[in-house]
Amino acid sequence: MTAPTMQAHPAGEHDAAVAVHPGGSGMPTALVGMLLFIASEVMFFGGLFATYFNARASVAPGEWHPPPGGHLDLPLAAVLTAILVASSFTMQFGVWAIRRGDTGKLKLWTAITLALGVLFLAGQIYDYSQLGFGIRDGAFGTVFYTLTGFHGAHVFGGAVGLTIILARSMRGQFSQRNHVAVEAVSMYWHFVDVVWIGVFSTIYLLR
Amino acid sequence: MATTTLEPRAAGYRRSWVLDWLTTVDHKKIGILYIVNSFLFFFAAGILALVIRAELAVPGMQFVDQDTYNQAFTMHGTIMIFLFVVPVLAGFGNYIVPLMIGAPDMAFPRINALSFWLLPLGGILIFSGYLFGGAAAEGWTAYTPLSGPDYGSTPGTDLWIIGLTLVGTASILGAVNFIATIFKMRAPGMTLFRMPIFVWTVLVTATLILLATPVLTAGLIALFIDRNYGGSFFDPTVGGNPILWQHIFWFFGHPEVYIVILPAMGVVSEVLPVFSRKPLFGYKAFVFATVGIGLLSFSVWAHHMFTTGAVFLPFFAFMTALIAIPTGIKMFNWLATMWRGKLMLTTPMLFSLGFLSMFLIGGISGVMLASPPIDFHVQDTYFVVAHLHYVFFGGSVFGVFAASYYWFPKMFGRKLNEPLGKVHFWLHFIGFNLAFFPMHQLGLSGMPRRIGDYSPDAGWTILNLISTAGAFLIAISILPFLINVIATFINGEPAGDDPWEGNTLEWATSSPPPPHNFDRLPPIHSERPLFFLTHGHGHAAERPEDLEEEPIGESKSGDAERRPEDLV
C-alpha cells in the first residue's frame, strides 16, 4: 500500500529542504527560536482571551459594562494605543538603520522606542488609578485587569529587551552583518504591539 | 552555538565532577539529568500509587485518612504525568535527537540547561505542599470549584499552581529548542523525510507542547488570581464559569495525552525495525499519521466533558473517533514491520511488543469512551482509570523502558544484562495487567474513581485485592531494573559503538559519544544511514520485503556527488 506512495515521488523531490550547513542557511536560528516563542505567547494570550469572551458571553447583550462606580477611559486608551503603535514604527526604523549599518540611527530609534514603551506603561498605571474598579469587582474587573495587566507585563519584558539592545548598541556590539538580537527584540516588540491592538479592540471597541 | 566541533578539544581543563554536572550545557549530560530526575520522581509517585492501592485493597480506611488519600492520588497523577512521563521522554529526546540528525548539540544549549533545572524546582514546589498543611488534593485535573478559593484553602494548591507553571515553562522552552534544533541543525543530506521516526515524533510533540502548554499556563494564572486576588474567572455568582476551567484544562490536557504517547511511539518505531531486521513499513504513512494525530488533538478536548452538558456531543465524539484512524495506521505499520522479519526478542523489543499489545487495549477502550452513551455510563469510574493507565503506563511507560534498555549502551558504553531485563519485563507485564485489567470491570460495575473507601457489599473487594497485588508486583519488578543498572555500572558487558546493529546515526559514534558527538558522519541517503553504511545499498534488494524501500535508496543515491559528505 505504501510502496506506490513512495515511488510516486520523483527523485530528489525533498532535496530543496536540505540545509547544506547546519544552521547556515535561511533564517538565523535565534530568530527561529524567537518566532517559536512568540507562537507560544500567542496561545497564552489566546487562553486569556478565552476567559474574556467566556465572561462576556455569560451576560446578556448590553449588560457587559464596568462594575457600578467604575468606567473605562476610551480617549486615554486610544492615546496609549497610538503611542504603542508609533513605537512599532520607531523600532522598525532602528532595524532598517542597522541593516544599512547605521549604528547611530539604531541607538536613536531604540532610545525613542524604549521611551515610548515606558510612556505606555506609565499611562497604563495612571489609567488603572483612575478607573474606579478593581480586579475583585466581578468578572469584568477580573478579565480586564488580567488581560491588560499581562499585556503590560509583556511590554515591560520588551522594554527590558530594548534596554539591553540599547546598552549593547552603545558598546558597539551590532553591525550590518551581526545584529540578530536587534531583529529578535523587534519581532517581540511588534508582537506585543499586535496583542495590544487585539486587547484594545476587544475591550474598548467590541464591548 | 555549537561550534565545538571545529575547535581542538581543550586540553587540561578540569573542574570538579559535581560542578561539571551542575553547569553542563551538553545535551547528552542534560538528557541524562532529565532521565535521572524523572526516575526519582517516578519512584516518589510510585510510592504514592502503592499507598492508594494499599488503601483500596479491602473496604475501610486502614492506612491513611480521606484527606491524605486525596492528596496521594492528586500528587500521584500530577507527578507521574508532569514530572515523569513528559520529562523522561524529553530526556531521551535531548540525548538522542541531536545524535540522530547528526548535530553537535541542541540549538540553544543554555536554554536547554534552563529547561531542565526548572523541572526539579517545580517538582519540589509541588511536593512542598506536604510541609505547609497538605499538598493539593483536587485530583490532577484540579477542577473548579474544588480547586477554587472556597475549598482547599491550604497553600498546597497554590504551590501546585506555581510548580506546574514552572514545569510548563520548562516544557515550552524545551519545545522551542527541539523545533529549532530539528529545523536548523540537521546534518547535510538529512532531509525532513530522511529523519528517523523518533525525530518526527519529537517534532510533532514539541509543536503540541508549544501550542497547548501556554493555554494551561493562562488557566493556572486565572486560577491563582481567583484563589489569591479575589478574581472571579471560575465563580458563577459574579459572572465567572467553573466549566471554563475544564475547557482550558482539557484544551491543554488532550494534546498532553499525545505529548506523552507520541515520543513513546517514536521509540517503538526505532526498536521494532532494528530487532525485526527490516525497515519500518510505510515510513511516510507513519509520518503523516503522526502529524494527523497532532492536528486532531486540538479538536477533541471536550470528550472529557460530555457529562457537563455544555459541549456539542456529535462533533467531539466524531473527532475523537477519527483519531483511531491515524493510530490504526501506526498499528499496521508496526505489525507489517515485524511481518516475516527476523525477530530478536531482546529486552527493548519485549517492552516494545508490550507497548503494542497494551496500547491497543488502551486505544480500544478509548474509542469506547469516545461514544457519548458509553461515556455517560462510565464517566469518572474505574473504567476511565483503566483506560488512562493502559495508555499512559501500558503505552508510554513501556516505551520509556524500551528506550532505557535500547539506548543505555549508547549512553554509558555498557549493555544492561539481558536475563535480568527479561525478568523485569515479565514481572512488569504481569503486574501491570493484574493491576489495571480488573479496573475495567470495577468501572463497569460502578466503582467511582478517587474514592478511598467502598462498601464491602459492593462486590468490588476481590477485584481490588487483585489490582493491589498487581501494583505491588509492578513495584517489585522495578528491583531487577535497579539491580541491573547498578550491576552494569560495576561490571557490565562493554557495548561497543553499535551493539544492536542499529539504523540511525547515534550508533555511528562512540559509546558514550564524545562531547562534540561526531568526528565524521556517514553519507545520509535515507532514514537508515547506518544500515546502508554497514550493509551497502544492494543488500536491501536481496530480501523481497525490503523492496518498497529500495526506490528511495536508489533515487537518492544519484545526487550523492553534489553533497559534501563525511563532514559535520
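Scoring rules and cut-offs
- Residues numbered from 1 in each chain as written.
- Chains lettered and ligands numbered in written order.
- Predicted model: local features only at pLDDT ≥ 70, side-chain atom pairs only at ≥ 80, totals over all residues.
- Helix = DSSP H or I, 4+ residues; strand = E, 2+ residues; numbered from the N terminus.
- Contact = placed C-beta atoms within 7 Å.
- Buried ≥ 20, exposed ≤ 12 C-beta atoms within 10 Å, placed from the backbone.
- Axes fitted to C-alpha atoms, helices over the stretch in contact; angles between N-to-C directions.
- Parallel < 35°, antiparallel > 145°, perpendicular 65-115°, else oblique.
- Left-handed = near helix turned anticlockwise from the far one by under 90°.
- Core = buried A, V, L, I, M, F, W, Y, C linked by C-beta atoms within 7 Å.
- Nonpolar A, V, L, I, M, F, W, Y, C, P; charged D, E, K, R; others polar.
- pLDDT = per-residue confidence, 0-100.
- Expected span 1.5 Å × (residues − 1).

Novice: Now, about the overall build of chain B: what can you tell me, with residues and values included?
Specialist: In terms of regular secondary structure, chain B is built from 17 helices and 2 strands. Based on the C-alpha atoms only, the size of chain B along its principal axes is roughly 70 × 50 × 50 Å. Within chain B, contacts between residues at least 6 apart in sequence are counted, and of these 82% link residues at least 24 apart.

Novice: Hey, could you go over the overall build of chain A for me, with residue numbers and the actual values?
Specialist: Helix and strand counts for chain A come out as 6 helices and 0 strands. Starting at the N terminus and ending at the C terminus, chain A contains elements arranged as α-α-α-α-α-α. Relative to its full complement of 207 residues, chain A shows a buried share of 34%. Residue pairs at least 24 apart in sequence account for 81% of intrachain contacts in chain A once pairs closer than 6 positions are excluded.

Novice: Please set out the packing of helix α14 (residues 418-444) of chain B against helix α15 (residues 461-491) of chain B residue by residue, giving values where relevant.
Specialist: Residue and element names in this part refer to chain B. Closest axis-to-axis distance for the α14/α15 pair is 7 Å, and the angle between their directions is 160°. With respect to their mutual orientation, α14 and α15 come out roughly antiparallel. Between α14 and α15 lies a crossing of left-handed hand.

Novice: Describe the nonpolar core, listing the residues and the values that go with them.
Specialist: V85, I101, I179, V199 and A402 of chain B are the most contacted members of the largest nonpolar core, which totals 217 residues. Excluding residues within four positions of it along the chain, I101 of chain B makes contact with I182, M185, R186, A187, M190, M195 and V199 of chain B.

Novice: Please set out the environment of G421 of chain B residue by residue, giving values where relevant.
Specialist: Residues and elements named next belong to chain B. Note that G421 resides in helix α14. Residue class for G421 comes out buried when judged on the 23 C-beta atoms lying within 10 Å of it. With 16 residues separating them in the primary sequence, G421 and Y405 have C-alpha atoms 8.0 Å apart.

Novice: Give a detailed account of unusual backbone geometry, specifying residues and quantitative values.
Specialist: All names here are of chain B. In this chain, T144 is followed by P145 through a cis amide linkage whose omega measures 5°. Tracing the backbone shows P145 in the loop between α4 (109-127) and α5 (155-184). Along the chain, S511 connects to P512 via a cis peptide bond; the corresponding omega equals -10°. Along the chain, P512 falls in the loop between β2 (493-494) and α16 (529-535). A positive phi angle, near 55°, is found at R277, a position not held by glycine.

Novice: Quick one: what's the story with the packing of α4 of chain B against α5 of chain B, residue by residue and with numbers?
Specialist: Residues and elements named next belong to chain B. Direction vectors running N to C along α4 and α5 enclose 160°, while the axes themselves pass 8 Å from each other. Our classification of the angle between α4 and α5 gives roughly antiparallel. α5 is crossed by α4, and the crossing has left-handed handedness. Residue-level inspection shows I111, N112, L114, S115, L118, L119, L121, G122, G123, L125 and I126 of α4 in contact with α5, the latter providing L159, W160, I162, G163, L164, L166, V167, T169, A170, L173, G174 and N177. Along the lines of polarity and charge, the residues of the contact of α4 with α5 split into 15 nonpolar, 8 polar and no charged.

Novice: If you had to explain the environment of L131 of chain B to someone new, which residues and values would you point to?
Specialist: Looking at the element boundaries, L131 of chain B is found in the loop between α4 and α5. Residues L131 of chain B and L322 of chain B lie 191 residues apart in sequence; the distance between their C-alpha atoms is 45 Å.

Novice: Which residues make up the confidence of the model for chain B, and what values do they have?
Specialist: Residues and elements named next belong to chain B. Here chain B shows a mean pLDDT of 91. Residues at 70 or above account for 92%. Ignoring residues within four places in sequence, the model shows residues 538-568, a span with pLDDT below 50, making 48 contacts including any to other chains. For this predicted complex, the interface confidence score (ipTM) comes to 0.89, while the overall pTM stands at 0.90.

Novice: Residues and numbers for helix α3 (residues 74-99) of chain A, please.
Specialist: Residues and elements named next belong to chain A. End to end, α3 covers 38 Å across 26 residues, agreeing with the expected 38 Å (1.5 Å per residue, within 8%). For α3, every residue scored as buried is listed here: A77, L80, L84, S87, S88, M91, G94, A97 and I98. Close packing links the buried residues of α3 with α4 (103-130) and α6 (180-206). Remark: G101 follows α3 within two positions and exhibits a positive phi of approximately 90°.

Novice: I'd like to hear about α14 of chain B, residue by residue, with values.
Specialist: Its 27 residues place the ends of α14 of chain B 39 Å apart at the C-alpha level, agreeing with the 39 Å of an ideal helix rising 1.5 Å per residue. Of the residues one or two after α14 of chain B, G446 of chain B is the one with positive phi, at around 100°.

Novice: Describe the environment of A77 of chain A, with residues and values.
Specialist: Residue and element names in this part refer to chain A. On the secondary structure map, A77 appears in helix α3. When the 20 C-beta atoms within 10 Å are taken as the criterion, A77 is described as buried. In this structure, the C-alpha to C-alpha distance between A77 and G123, residues 46 residues apart in sequence, is 8.5 Å. When neighbours within four sequence positions are excluded, A77 is seen to be in contact with D127, F200 and Y204.

Novice: How would you sum up the confidence of the model for chain A? Please name residues and give values.
Specialist: For chain A, the average pLDDT comes to 88, and 88% of its residues sit at 70 or higher. Below a pLDDT of 50 lies the segment residues 1-23 of chain A, which in the model reaches 40 contacts outside its immediate sequence neighbourhood of four places, other chains included.

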